[in-house]
Amino acid sequence: MKKQRLVVIGNGMAGARVVEEIIERSPDKFEIIMFGAEPYGNYNRISLSNVLNQTKTVEDIFINPLDWYQKNNILLYTGARVVAIDRKDRRVLARKLTDGEAAYLHDAPTRTRAGLMEEHYDQLIIATGSRPAVPPLEGFGLAGTFVFRTIDDCRHIAGYAEKCHKAVVMGGGILGLEAARGLLTHHLEVTVLEAAPQLMPAQLDQEAAAILEQSLAAMGIRVLTNVRASRIEGREGRVSGVALSDGRVLETDLVVVSIGIRPITEIAGEAGLAVNKGIICDDQMRTSDPSIFALGECIEHRGKLYGLVEPIWEQARVLADILTSSDPNARYEGTRAGTKLKVMGVELVAIGEKDPSDPADELIVYRDPYRRVYKKLIIRNGQIHGAILLGEIEFADTLLRLYSSGGALPEKHAELLFGSVTGATMINAKDLPDQAQICNCNGVSKRVIVDAIVNKGCSSVSAVGDKTKAGKGCGSCKGLIAQLIEWKRGQVEYDPRENYYVPGVPLEKSQLVAQIMQKHLTSVSAVFQELASGKEDPDSKTGLASLLKILWPKEYQDERDARFINDRVHANIQKDGTFSVVPRVYAGVITPQELMKIAQVAQKYNVPMVKLTGGQRIDLLGVKKEDLPHMWKDLGMPSGHAYAKTMRTCKSCVGIDFCRYGLGASIKLASVIEHRFQGIETPHKMKMAVAGCPRNCSEALIKDVGVVAIEGGKWEVYIGGGAASIIRKADLLCVEESEEAVVRTIGRFMQYYREHAKYAERTYSFVARLGVEVLKNILIKDSLGINAQLDERMQTAVDAYCDPWQEADIPAYPSQFEGPQLVQVLKDVENNG
Amino acid sequence: MSEPIVVDLGPLAQIAQGQGKCFEIKGQRVAVFHGRDGKVYAIQHTCPHRGGPLADGLMGDGLVICPNHGHKFNLSTGEGSEPGERVKVYPARIVNGMIQLEFLA
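Residues numbered from 1 in each chain as written. Chains lettered and ligands numbered in written order. Predicted model: local features only at pLDDT ≥ 70, side-chain atom pairs only at ≥ 80, totals over all residues. Heavy atoms only, no water.

Student: Which parts of the structure should I look at to understand the pairing of strand β3 (residues 28-34) of chain B?
Tutor: Remember that side chains alternate between the two faces of the sheet whenever the strand is regular. All names here are of chain B. In terms of residue burial, β3 counts as a mostly covered element, since five of its seven residues are buried. In terms of strand pairing, strand β2 (residues 19-25) meets β3 through seven bridges, oriented antiparallel. Among the inter-strand pairings, Ile25 is bridged to a residue of β3, identified as Gln28. Between β2 and β3, which pair antiparallel in sequence order, lie two residues; one of them, Lys26, sits at a positive phi of approximately 45 degrees. Bridge count between β3 and strand β4 (residues 40-44): five bridges; the pairing is antiparallel. Considered in β4, the bridge of Val30 is made with Gln44. Between β3 and β4, which pair antiparallel and follow one another directly, the connecting turn spans five residues, one of which, Gly38, has a positive phi of 85 degrees. (Buried < 20%, exposed > 50% of the residue type's maximum accessible area, 1.4 Å probe, protein only. Helix = DSSP H or I, 4+ residues; strand = E, 2+ residues; numbered from the N terminus. Pairing = 2+ DSSP bridges.)

Set out below in structure tokens:
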């Protein structure tokens, strides 16, 4: 069958996206011809402000480079503007632009076809987009006046800015503010002019706009509202100033005009298609000519114009469904999208209406003027009708999802702004409409996921992911996917492997513990033998060894081959195969004698680097394996366990010993804690700290366990903090009246963590997963009645502890501390088999 | 190319069960493993990824895991878990409790 000719006018985000969608559905149906007025492949126009502020390069923002078109057999005319559509003969006529000619201008209608390119079409898509609005302003056009729309605009602005000191941006909307922030990167003094009494008048209420203005002022952007430019002044053909409606004149070297965009509709209008503000389209993106379609910023759909990307994606999907007949009933019913300001240093999301319009509207407002945070929510009939998040936008995705798809809101509406105390998801996926997008990373809708669950037998989150890609991006939608499975199947099956304690033994932790206790398995090899059909999975060894040591403090049979090299030789392996030695320095307090000893040892063994650690200790780096036992003996100090999944250190400030603010004896308490819990095996390393007052100099609030002295001789006990790949402030577990009580509570928490966490799960994940309220109930209120047992088992572990560096005298296994052994080959013996 | 030579590495008992040990033979480092299955394996000691010491790795099920970045290698074939990575394998055997290695100088 002869392929149909599909001509696409416009190679911007809409034109290229719809072609991608078409190729994905039906790679061979069309012969595709595209016209792009810009001399490039297709790029992400939304990121232009990143190019201007130099966080991205032009190359970074290309979506499809020119060779993508070749690979897909698309004939692309670049730098070519379509000047007319001949509907009678089904042809488009295009003109090659000259160098430097702006892409988005319009050619006057022409009668001659001389010198024009012509292409015949069976189906035509118009995706001409929009052009920046330009005010009829005296002086616009002088050197140094710009609009901000294309890569070339961006390059010209950046190039011109080099010789400038001051810039004026006309327009305090999103694009104007992004341009202003970009100009700041070029070291200009930037002033933004806005004719309305406030910034972003279309999206923000006055209060949010005022806070935004302060935030911008703090960055160095001056904002003038309620003022218009009446004239651009020039000197020798270049911009020299902007005269304002109030009579003032601002000196400036550069003017960027960003007062809005206008759909490019002329060729459609001249061809006789119905055009109002935009090219009028129905729900299948069809214009008034049934073989001509349109999408993107150039169209008007149900009376609305769109200037955002989400509607383009949706329109492209619908149009591709229609053109390829993969879903002849597909319809575009409009998009409810929010806007996000991408100005470095300002976080802002605005959704829907900015002020309540009905007396029955529910209005929730939160202000924190000092931090310039403002949050506002307008709810009508149980649905979100508007929201502004300024300064803190962590729940924006949820709000956008609820706004665009109309799902049921949580009972406590404030949770929409602040999250739920329990950490539960705020949306129930079953209440979302079918077309709602669940996985935003991979663009998977509820309908597709439900289809996988109902018709394709997917009963676990990972099975849905394998089938649809949902949940395979950032993973934040996995809870929603689980809700859908629960809704359709009654319960979520877990891909069992996800929940095995170790990959090689098919049991969850609680089941594994039960089997180990019941069968009295005290070694890793016994566990493989009894519970894994004898298969010795190397990925499972360290996790099992850790668990067995926790479960059997005294009876554990330490098969060293099941341990990571660090735990075999009690030192941390380095990139070059050498090791590091960190002796324990209880609470960070060290004697001059110990310091001298460390110095002597470092010299004697030619230690390449001596470094102070973040845990108030001294690290000797680059040590050969064979030197380890000798150094330990020479040091005469116990192991600091800087290599193991155990308590590492308990950092401390000087507390009442010397500090004039000290409220508690932090050093003494830290030292007690460190002595008691040193070397106790935990699922992951634990870092602790004690602070002698709430000033927190020892950073106790970002530790796995942190203790803070407060007035009245009391101590706060915090758990689950961390400052590693993630930063988490610890949760307050309790306030204790005495040091003994603090130590007991820490031991209880540690033992519970030892028994219930996944292998290699830090406390900041564990505490976040369970929730501190649950842990308070168990560990403080003793709701399960297990505290006495936790205390007892921790005591047994403490009693069983011995310093691993004592293996310096008696190695635990042959060749434990041997380096590479030189083999003398005396003579070459012929190999006879 | 020279003929392979047989090198005596001494008693098997010098290597703990389930662990490896590094030997240096004519400038080449060889990781020799004493499996819990009673067999002996020998491969190149230096990980082709970033030079990690394979003799210090965790072994089991015919594999060794490099301690530095977790790349895995088949002890019998040398095949690596990452595309394009492979280690040299040396034929090794136990004769009267002693390890013998075939070594190509």
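What follows picks up the thread again.
Student: What is the right way to read unusual backbone geometry from this model?
Tutor: All names here are of chain A. We note that Gln616 has phi near 65 degrees; this positive angle belongs to a residue other than glycine. Its location among the elements puts Gln616 in the loop between β32 (609-612) and β33 (618-623). Look at His641: it is not a glycine, yet its phi comes out positive at around 55 degrees. By the secondary structure assignment, His641 is in the loop between α20 (628-635) and β34 (647-652).

Student: I'm lost on the environment of A:Ala229 in this one. Help?
Tutor: Residues and elements named next belong to chain A. By the element assignment, Ala229 lies in strand β15 (residues 229-235). Owing to a relative accessible area of 18%, Ala229 belongs among the buried residues under this scheme. Sequence spacing of Ala229 and Ser245 is 16 residues, and the spatial spacing of their C-alpha atoms is 5.8 Å. Leave out the neighbours within four places in its chain, and Ala229 touches Leu137, Met170, Leu193, Val242, Ala243 and Leu244. (Contact = heavy atoms within 4.5 Å.)

Student: What should I look at first to understand the interface of chain A and chain B in this one?
Tutor: Counting residues at the interface gives 35 residues for chain A and 36 residues for chain B. One can count six salt bridges joining chain A with chain B. For A:Glu818, the salt bridge is made with B:Lys21, and the minimal N-O distance between the two is 2.7 Å. At the surface where chain A touches chain B, the tally comes to 16 residue pairs in polar contact (both at pLDDT 80 or more). Sorting the residues of the side of chain A that touches chain B by element identifies α17 (541-551), α18 (565-569) and β41 (821-823) of chain A as the ones contributing at least two each. Counting residues per element, the side of chain A that touches chain B draws most heavily on β41(A), at three residues. The residue inventory of the side of chain A that touches chain B, partitioned by class, reads 13 nonpolar, nine polar and 13 charged. Where β41(A) lies against β2(B), three bridges are found, and the strand directions are parallel. (Salt bridge = Lys/Arg side-chain N within 4 Å of Asp/Glu carboxyl O. Polar contact = N/O pair within 3.5 Å; in protein donor to acceptor, adjacent residues only side chain to side chain. Nonpolar A, V, L, I, M, F, W, Y, C, P; charged D, E, K, R; others polar.)

In short, the description is geometric, and any link to function would need to be established separately.
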